[in-house]
Amino acid sequence: MFLTSVAAGAIGSIVGIGGGLLVTPVLTLIFGVDIHLAIGASIIAIIATSSGGAVAYIRDRITNIRIGMYLEIGTTLGAITGAAIAAYVNSAFLFAFFGVILLLSVVPLLRKRNEELPHDVSNDPVANRLHLNSSYPEQRTGQEVQYSVQGSFVALGIMYVAGLLSGLLGIGSGAFKVLGMENAMRLPMKVSTTTSNFMIGVTAAASAGIYFVRGDVNPFIVAPVVLGVLGGAFVGTKILVKARNTTVRTVFIVVLFGIAMEMIGKAVGLLP
């Protein structure tokens, strides 16, 4: 359980999705953990991944905190909406629907898989007013990479859908966050994944109390998972700062495909 959590934490910190979506199927399918306890452990794992990676990414000036806090407005509102209407929707349909959307999202990512940095991007009025554009040091080349931000309103709408998904289905929405920043705002892939990593911890922390109250946080399961995820997140941060954006995008495409298949598997009853 500890070793698999190390792998989940490393991958989650690199692609900005947290370790939760990777931890849950491992706990249920391999270790036979009850689904409710697995979800509780995955929520704590997401907080651990975010906490372990966020400090390093902020220190290395890759995370864009301004963008993260701006987009959290949409995510929070979506999560509240999702929690309010969760009892009235068909979760199987939603898993299938969002799984298909994620599969379709793989196509544009494959088309630009060799794009190291976005081209022909100019700041929109929101980005100018909130000073969302920034730069980050590329440790691989030793250069300072400047980037602009567009599609701020579109990205905010995508974050609302991401929060809605979290509230409705009780799963992490890091994949949608990365897609919103990558495709709508046209951020460098490293900035998208690290900013998503920063955001998911805030979202997960807001809902963790519910799982504590329900008794879904078993310390004998959470302890090895969190320790493993924290160790993996530390390894992941070391890998990401020296990786190419194209490499991070390739890993994200593979993980995104796996998440999409996991959602569809839940929809048709193949996965708990």
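Just above sits the structure.
Conventions and cut-offs
- Residues numbered from 1 in each chain as written.
- Predicted model: local features only at pLDDT ≥ 70, side-chain atom pairs only at ≥ 80, totals over all residues.
- Heavy atoms only, no water.
- Patch = residues over 30% accessible without salt bridge, like charges linked within 9 Å, V, L, I, M, F, W, Y side chains within 5 Å.
- Areas by Shrake-Rupley, 256 points an atom, 1.4 Å probe, with all protein chains shown as cover.
- Salt bridge = Lys/Arg side-chain N within 4 Å of Asp/Glu carboxyl O.
- Helix = DSSP H or I, 4+ residues; strand = E, 2+ residues; numbered from the N terminus.
- Buried < 20%, exposed > 50% of the residue type's maximum accessible area, 1.4 Å probe, protein only.
- Contact = heavy atoms within 4.5 Å.
- Phe/Tyr/Trp six-rings, centres within 6.5 Å; stacked < 30°, edge-to-face > 60°.

Engineer: Lay out a nonpolar patch on the surface with the relevant residues and their values.
Structural biologist: A surface patch of nonpolar side chains, amounting to about 430 Å² of accessible area, comprises I73, L77, I80, Y160 and V161. Those elements that provide at least two residues to the nonpolar patch are α4 (65-85) and α7 (152-169). Ranked by residues supplied to the nonpolar patch, first place goes to α4 with 3 residues. Residue position: I80 is located in helix α4. With relative accessibility at 56%, the residue I80 sits in the exposed group.

Engineer: Describe the environment of V178, naming the residues involved and giving the relevant values.
Structural biologist: Position of V178 among the secondary structure elements: in helix α8 (residues 174-184). Among the residues examined, V178 registers a relative accessible area of 0% and is labelled buried. With 133 residues separating them along the chain, V178 and A45 place their C-alpha atoms 19 Å apart. The contacts of V178, once residues within four sequence positions are left out, are V15, G16, M189, S192, T193, S196 and F252.

Engineer: Hey, could you go over the packing of aromatic side chains for me, with residue numbers and the actual values?
Structural biologist: Any two aromatic rings considered together are summarised by their centre-to-centre distance and by the angle between their planes. Scanning the entire structure with this criterion turns up 4 aromatic pairs. Seen from their ring centres, F97 and F98 are 5.4 Å apart, and the 70° between their planes marks the pair as edge-to-face. Accessibility expressed as a relative area gives 6% for F98, which makes it buried. Aromatic pair F98 and F176: ring centres 5.6 Å apart, planes at 90°, arrangement edge-to-face. Of this pair, F98 sits in helix α5 (residues 91-111) while F176 sits in helix α8; the two residues are 78 residues apart in sequence, bridging distant segments of the chain. Comparing F98 with F176, the two get one shared label, buried.

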